[in-house]
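# Per-entry structural report
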Amino acid sequence: MHVLFIIDPLPSLSAYKDTSVAMMRALLAQEHTISVALQTDLYIDQGRVKTVAQPIHIAPSADLHAADWWTETGPALELELNHFSAVIMRKDPPFDMEYFYSTHLLSFAEEQGAKVFNTGAALRNHPEKLAITEFPEFTPPTLVTRDMKRIRAFHQEYKDVIVKPLDGMGGMGIFRMREGEVNVGAILETLSKDGAETLMVQRYIPEISAGDKRILIINGRPIPYCLARIPLAGETRGNLAAGGRGVAQPLSERDWQIANTVAPRLAERGLFLVGLDVIGDYITEVNVTSPTCFVEITEQTDCDVGALFAKALADVVANA
């Protein structure tokens, strides 16, 4: 296979822990070919969706902590997306209007024969935080609104709640409001930009102290290990970007129940790779833009997540 990664600039990646790099290395280990492109390289010319693709290689012995962990294997080429065996959309959030337009270009490319993972429509139609509301049996009490009175009433009812913007990432913008919080007004005004933007409010889940678990699903099949991202002392966010510590562990019975229920429904929609965030017994987010944690799980267990991803991708492409 020749696989195209639409990705952030390579020098900006922390290659030693980056999931996209782990995917590339796994594909190269299985003797596939890799090219990379930026979101800004996508374009339409005379109705055809194209990109400027740079072929690269990562040596098995490459120092992933160094600046030159990859090599270019030839000149960048202007190619239609349907030239590639698979196109992997791995541009990190934010999901802004440029990202939205890119999902349309990916959808157009699919109509022209390109195989895109996750598909443009799946990315476009799947808001990562709002998606949990489709599975109320697995979610804590949740309110989505920009109405400050409703949020205050929810806070009064549940006493201890988490408030977050719908477009946050890496734990950014998450506030915990306990009973008696004196800064409720300031928190809500700041997060909602004075009521202009919608917020999600959830009953606080105390099991966060045991970790915010990332459960990975590849082509409808859950990976048997998750990464529990355990918050720093005094912190309510387990995100690795917020200083959380990642501990790989087998899925619990409840984890399997959640993952096996959710996975086939998401796979049917073109979501090849999904990252479920689970705290205690509840889903808190369904990540589809660029789910991570391949490296941490692989390093701490006997489960090579990158290899599983590469094999699943090759099987899907071969059977398409």
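Residues numbered from 1 in each chain as written. Predicted model: local features only at pLDDT ≥ 70, side-chain atom pairs only at ≥ 80, totals over all residues. Heavy atoms only, no water.

This part is about the side chain of Glu128. Along the chain, the position of Glu128 falls in the loop between helix 3 (120-124) and strand 9 (142-145). Although Glu128 lies buried, it forms no salt bridge, and the closest oppositely charged side chain, Lys129, sits 6.2 Å away as judged by the N-O distance. Aside from chain neighbours lying at most four places away, what touches Glu128 is Glu285, Val286, Asn287, Val288 and Thr289. (Helix = DSSP H or I, 4+ residues; strand = E, 2+ residues; numbered from the N terminus. Buried < 20%, exposed > 50% of the residue type's maximum accessible area, 1.4 Å probe, protein only. Lys, Arg positive; Asp, Glu negative; His and termini not counted. Salt bridge = Lys/Arg side-chain N within 4 Å of Asp/Glu carboxyl O. Contact = heavy atoms within 4.5 Å.)

Here we take up helix 2 (residues 97-111). Its 15 residues place the ends of helix 2 22 Å apart at the C-alpha level, agreeing with the 21 Å of an ideal helix rising 1.5 Å per residue. The complete set of buried residues in helix 2 reads Tyr99, Ser102, Thr103, Leu105, Leu106, Ser107 and Ala109. Buried residues belonging to helix 2 abut strand 1 (2-6), strand 3 (43-45), strand 4 (48-57), strand 7 (86-89), strand 8 (116-117) and helix 3. The residue sitting at the N-terminus of helix 2 and contributing the capping side-chain oxygen is Asp96; that oxygen lies 3.3 Å from the backbone nitrogen of Glu98. (Expected span 1.5 Å × (residues − 1). Polar contact = N/O pair within 3.5 Å; in protein donor to acceptor, adjacent residues only side chain to side chain.)

Attention shifts here to the pattern of salt bridges. Evaluation of the coordinates by the stated rule reveals 14 salt bridges. Taking the shortest distance from any N to any O, the salt bridge between Arg48 and Glu80 comes out at 3.1 Å. Taken together, the residues span a long stretch of sequence, with Arg48 in strand 4 and Glu80 in strand 6 (residues 77-80) at a distance of 32 residues. Of the charged contacts, one joins Arg229 and Asp212 as a salt bridge, the two residues approaching to 3.2 Å between their closest N and O atoms.

Moving on to the sheet that holds strand 12 (residues 199-203). Strands belonging to one sheet form pairs held by backbone hydrogen bonds; the direction of such a pair is parallel or antiparallel. The strand order across the open sheet built from four strands is 9-12-10-11, with neighbouring strands paired in antiparallel fashion. Of all the strands in the sheet, just strand 9 and strand 11 (175-177) have a single pairing partner and so form its edges. Looking at each pair of strands side by side, their axes are set apart by 20° on average, direction ignored. Taken together, the three bridges between strand 10 (residues 161-165) and strand 11 define a ladder with antiparallel strand orientation. (Pairing = 2+ DSSP bridges. Axes fitted to C-alpha atoms, helices over the stretch in contact; angles between N-to-C directions.)

On to the packing of helix 1 (residues 19-29) against helix 8 (residues 305-319). In contact at an axis separation of 8 Å, helix 1 and helix 8 are set at 65° when each is read in the N-to-C sense. Judged by the sense of rotation from one axis to the other, the crossing of helix 1 with helix 8 is right-handed. Facing helix 1, whose interface residues are Ala22, Met23, Ala26 and Leu27, helix 8 presents Gly306, Ala307, Phe309, Ala310 and Leu313. Among the residues making up the contact of helix 1 with helix 8, the classes are represented as eight nonpolar, one polar and no charged. (Left-handed = near helix turned anticlockwise from the far one by under 90°. Nonpolar A, V, L, I, M, F, W, Y, C, P; charged D, E, K, R; others polar.)

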